[in-house]
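Observations on chain architecture
Single-letter residue listing:
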Amino acid sequence: MPSGNRNFASELLNKIKMSTRFNMAEVNAAAYQAGIRMEKALQNSFLTPVQKEMIKIRASQINGCAFCLDMHTKDALKYGETPQRIFLLNAWKDARELFTEEEQVMLAVAEEVTLISEKGLSEKTYRKAKQIFNETQIADIIMAAVTINMWNRIAVSTHMPIGE
């Protein structure tokens, strides 16, 4: 969402239809609103809207979240991302010529945070990130990955249907 959007929570809620199990926003409103606040905090990060969407798409691919993939690919296109880069995001390591070094490091961090049970954020990836980003920027990348992983888990667990 654009950083100037004052109706962020209501716009997000409008995108979310009732799940086939239950609506987390209604059943556990306080926790859900905390997630909205996490998302809002990222509006002030150094990440561009396209970069945030690419992190969201990549984590959602790994987690198999159809709801989030549908939403964030549409949003990425709206923000000017190309279909080719979205189509090849799952294979970005083999399509490096389409992604800047900065984006490659962001994606590596997002993947390792998403796949935390495998090895977590490796020292090699963290050192590479430190060469390009300051600690605040690395924190923004990590929080973007953490936040979409939270949404993926809510959407997958409650069987949220994809939008139209």
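Check the entry above for the structure.
In this text the structure is predicted, and so the values were computed from the model without any measurement.

To continue, consider the overall build of the chain. Check the secondary structure of the chain and you find 9 helices and 0 strands. Listing every helix and strand of the chain by position from the N terminus yields α-α-α-α-α-α-α-α-α. Across the 164 residues in the chain, those meeting the buried criterion constitute 46%. Pairs at least 24 apart in sequence give 68% of the contacts found in the chain among residues at least 6 apart. Carbon and sulfur atoms make up 55% of the accessible area of the chain, which amounts to about 8,700 Å² in all.

Bringing the pattern of salt bridges into the picture now. Evaluated as defined, the whole model comprises 10 salt bridges. Between Glu81 and Arg85 there is a salt bridge; the shortest N-O distance is 2.6 Å. With a shortest N-O distance of 3.6 Å, Lys130 and Glu135 are connected by a salt bridge. Lys130 sits in the partly exposed class, given a relative accessible area of 40%. What makes Glu135 exposed here is its relative accessible area of 54%. One salt-bridge network, held together by shared partners, links Glu39, Glu53 and Lys56.

Take the state of the cysteines next. Tallied over the entire structure, the rule returns 0 disulfides. Its sulfur unpaired, Cys65 is 3.3 Å from the next cysteine sulfur, which belongs to Cys68. Cys68 sits in the buried class, given a relative accessible area of 3%.

On to the nonpolar core. Core analysis: the largest hydrophobic core is formed by 14 residues, its most contacted members being Leu47, Ile55, Val109, Ala129, Phe133 and Ile141. Among the elements of the structure, helix H7 (101-114) and helix H9 (135-157) are those that each provide at least two residues to this core. Once you skip the residues sitting within four places of it in the chain, Phe133 turns out to touch Phe46, Glu102, Val105, Met106, Ile138 and Ile141.

Criteria and cut-off values
Residues numbered from 1 in each chain as written. Predicted model: local features only at pLDDT ≥ 70, side-chain atom pairs only at ≥ 80, totals over all residues. Heavy atoms only, no water. Helix = DSSP H or I, 4+ residues; strand = E, 2+ residues; numbered from the N terminus. Buried < 20%, exposed > 50% of the residue type's maximum accessible area, 1.4 Å probe, protein only. Contact = heavy atoms within 4.5 Å. Areas by Shrake-Rupley, 256 points an atom, 1.4 Å probe, with all protein chains shown as cover. Salt bridge = Lys/Arg side-chain N within 4 Å of Asp/Glu carboxyl O. Disulfide = S-S within 2.5 Å. Core = buried A, V, L, I, M, F, W, Y, C linked by side-chain atoms within 4.5 Å.

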